[in-house]
Amino acid sequence: MKVQYFAETDTLYIAFRTRDIVESKDLGENTILDLDAIGQVCAITFEHASERTDVHHLTVEGIAA
């Protein structure tokens, strides 16, 4: 899993798995969900992230080894 924040565009991108994305669904204004060939979620994008999330504070819990 990978979390990226692009300050120049105020975009937060969270990739859950590395598979080929075959479909992107608009979940509403400024939120995009990326799906693989079998419909599993691969990533989510939040535009205007600093207005919609607490992008400057990241907490990670319960990581499996």
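Up top is the structure.
Residues numbered from 1 in each chain as written. Predicted model: local features only at pLDDT ≥ 70, side-chain atom pairs only at ≥ 80, totals over all residues. Heavy atoms only, no water.

Peer 1: What exactly am I supposed to notice about the nonpolar core here?
Peer 2: When a protein is soluble and globular, its nonpolar side chains tend to lie buried together. Counting 8 residues, the largest nonpolar core consists of Leu12, Ile14, Leu33, Leu35, Ile44, Phe46, Ala49 and Val55. Not counting the four nearest positions on each side in its chain, Val55 is found in contact with Tyr5, Leu12, Ala49 and Ser50. (Core = buried A, V, L, I, M, F, W, Y, C linked by side-chain atoms within 4.5 Å. Buried < 20%, exposed > 50% of the residue type's maximum accessible area, 1.4 Å probe, protein only. Contact = heavy atoms within 4.5 Å.)

Peer 1: Can you help me understand the pairing of strand E3 (residues 23-28) in this one?
Peer 2: Sheet faces and side chains relate simply in a regular strand, where the side chains alternate between the two faces. Sheet topology note: the E3/strand E4 (residues 31-35) ladder contains 5 bridges and is antiparallel. Considered in E4, the bridge of Gly28 is made with Thr31. (Pairing = 2+ DSSP bridges. Helix = DSSP H or I, 4+ residues; strand = E, 2+ residues; numbered from the N terminus.)

Peer 1: Would you mind showing me how to read the sheet that holds E4 here?
Peer 2: The pairing of strands in a sheet comes from backbone hydrogen bonds and takes either a parallel or an antiparallel form. Within the open sheet, the 5 strands sit side by side as E1-E2-E5-E4-E3. Their pairing is antiparallel. Because the sheet does not close on itself, it has two edges, and the strands there are strand E1 (2-6) and E3. In this sheet, neighbouring strand axes are inclined to one another by 15 degrees on average, regardless of whether the strands run parallel or antiparallel. Sheet analysis places strand E2 (residues 11-15) next to strand E5 (residues 41-47), joined by 5 bridges and oriented antiparallel. Bridged to Tyr13 within E5 is Thr45. (Axes fitted to C-alpha atoms, helices over the stretch in contact; angles between N-to-C directions.)

Peer 1: What is the right way to look at the pattern of salt bridges in this model?
Peer 2: In a structure, side chains of opposite charge can pair up when their charged atoms sit close to one another. If you walk through the whole model with that rule in mind, you get 1 salt bridge. For the salt bridge of Arg19 with Asp36, the shortest nitrogen-to-oxygen distance reads 3.0 Å. Note that Arg19 is positioned in the loop between E2 and E3 and Asp36 in the loop between E4 and E5, a separation of 17 residues in sequence. Residue classification places Arg19 among the partly exposed residues on the basis of a relative accessible area of 42%. (Salt bridge = Lys/Arg side-chain N within 4 Å of Asp/Glu carboxyl O.)

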